[in-house]
Structures are given as C-alpha cells and as structure tokens.
Amino acid sequence: MKKLMFAVCVLSLHAMPAHGWTINSRSCSHADVADAYAEAADGDIILIPTGDCSSSHAWQLTLVIEKQVHIQGSGLGETILGIGSEYTPLFHISADNVRISDITFDGRNVNPSVTGAILVGDYSTVTSITRDFRIDHNRFINFSPMPTAGMTGWSAIGVYGYTYGVIDSNVFDDATGEIIGVCADCADAWARPVEFGGYTDGTVFVEDNV
C-alpha cells in the first residue's frame, strides 16, 4: 500500500507544473521577452507589458517555446507584436501545456508563409507531438492574401504534427487569407477519411473565434 501511494505521488508531481510564478518582461521587445522566458520555469506566466512592437520594434526573430509556460499580454490593443521578417513566426510552440493569450499580433502584411505569427509543432518534421496548447483571446490583424495567382493566402496560425489543443476566442481582422492552417502529417492526413474516427493522431479544436 505504501508503494502504491508513493507511485501516485510521483506521477502527480510530474503531471503538474512545479512553479507558477509571474515573470514580468521589461518591454514587448523580442530581447526582453526572450530574457523573461529564460528566467521562467514550467508552470510560470510570462507577462508582456503594454507596448507597441509592431513597427520599428517588430520582431525579427522567433522565440522558441520549449517550456510549459503561459505567454500573456496586457490585453488586446495594449500589447502589440509585429512580424518583422518574412517566414519568421513570433512564437514557435514545441512543448506541451503552452498557452498564448491577450496579445494583438500584427502581420504587417509581411509574408509569414505557412508558419503564421504562431507556429505549433514542427513544419519540417510533421510527426512531432505537441499536446495541450491553447491560443486564446488574441487579435490578429493585417494577414492579407498573397498576391500570387493560385495561392490561398497567409496564415496567422500554423499547426503541424500530431497536435492536441484549442484555438479559441480570438479575433481575426483584415485577415483574408488561409487564417488557421492545420496540416498534421499533411499529405498522409489528407488521404484519410473525413468522418469522425478517421483521424486519431491529434485533435485541434477551433471554436468561438470571430
């Protein structure tokens, strides 16, 4: 009985985040948010303050998220992050239990390709597994379609691999392209039946967005 109780306790410790502190970024710049992320541990919240980093301070680099953290802005229209370089997402979620919320993402009509402002999973290794992500209560603006004939448009969010999560309660303004791209394992996924039960390696819920 004692051994059983000990095993349950160990499993619980691994399943739950060990921290839960709030790490305040000095500003909305990539460098300051990256510094706050470096200080964070699993379970922490990284709070990005009010600020406009969509023009001269637009992000030129991607912040790869490999910890189970919550990246939280100060509210829509308060924390604004802009894409500064083509094909460069602002956040790349590659860990489980990651949440991104309360941020305005400005695509600036810069071509992010299929990765969008937020990339979940690995575009080059589509069999990767990312679980329990949530992208919610954000606003996405200026993600317009590509001017090339036959192209479906620029993504705001790109999801790849065997992913499990939810994209909810976001607002997409002046975002007229292929706003949310969920590819899973791409060509193999497209070949599966569309009925319920036809695809079992990942589920992404998209709900209550405008």
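Structure shown above.
1. Concerning the packing of aromatic side chains
For the structure on display, the rule yields 5 aromatic pairs. A ring pair is formed by Phe105 and Phe140, whose centres lie 5.1 Å apart and whose planes are at 15°; its orientation type is stacked. With Phe105 in strand β9 (residues 104–106) and Phe140 in strand β12 (residues 139–143), this pair connects stretches of sequence that are 35 residues apart. Taken individually, Phe105 and Phe140 each receive the classification buried, so the pair is uniform in this respect. Grouped by ring-pair contacts, the aromatic residues Trp59, Phe91, Phe105, Phe140, Phe143 and Phe172 constitute a single cluster. Just above the ring of Tyr37 sits the side chain of Lys67; from NZ or CZ to the centre is 4.6 Å.

2. Quick word on the nonpolar core
The biggest cluster of nonpolar side chains holds 40 residues, and the ones touching the most others in it are Ile65, Ile71, Leu81, Phe91, Ile100, Phe105 and Phe140. Elements that contribute at least two residues to this core include exactly α2 (30–39), β4 (63–65), β7 (91–93), β10 (118–120), β11 (129–136), β12, β13 (157–160) and β15 (171–175). Examining the composition of this core, we find that 4 residues originate from one element, α2, more than from any other. Residues in contact with Phe105, not counting those within four places in the same chain, are Leu81, Leu90, Phe91, Ile100, Ala117, Ile118, Asn138, Arg139, Phe140, Ile141 and Phe143.

3. A closer look at the sheet that holds β15
The 5 strands are arranged β3-β6-β9-β12-β15 in an open sheet whose pairing can be described as parallel. Looking along the sheet, the strands with just one partner apiece sit at the ends: β3 (51–53) and β15. For this sheet, the mean angle separating the axes of adjacent strands, direction not counted, is 15°. Sheet topology note: the β9/β12 ladder contains 3 bridges and is parallel. Among the inter-strand pairings, Asp106 is bridged to a residue of β12, identified as Ile141.

4. Quick look at the pattern of salt bridges
Enumeration over the complete set of coordinates arrives at 6 salt bridges. Put simply, Asp168 and Arg134 hold a salt bridge, and the shortest N to O gap is 2.9 Å. Highlighted residues: Asp168 in strand β14 (residues 162–168) and Arg134 in strand β11, separated in sequence by 34 residues. Look at Asp168 and you get buried, because its relative accessible area is 6%. One salt-bridge network, in which partners are shared between bridges, spans Arg99, Arg134, Asp136 and Asp168.

Conventions we followed
Residues numbered from 1 in each chain as written. Predicted model: local features only at pLDDT ≥ 70, side-chain atom pairs only at ≥ 80, totals over all residues. Heavy atoms only, no water. Phe/Tyr/Trp six-rings, centres within 6.5 Å; stacked < 30°, edge-to-face > 60°. Helix = DSSP H or I, 4+ residues; strand = E, 2+ residues; numbered from the N terminus. Buried < 20%, exposed > 50% of the residue type's maximum accessible area, 1.4 Å probe, protein only. Lys NZ or Arg CZ within 6 Å of the ring centre and 35° of its normal. Core = buried A, V, L, I, M, F, W, Y, C linked by side-chain atoms within 4.5 Å. Contact = heavy atoms within 4.5 Å. Pairing = 2+ DSSP bridges. Axes fitted to C-alpha atoms, helices over the stretch in contact; angles between N-to-C directions. Salt bridge = Lys/Arg side-chain N within 4 Å of Asp/Glu carboxyl O.

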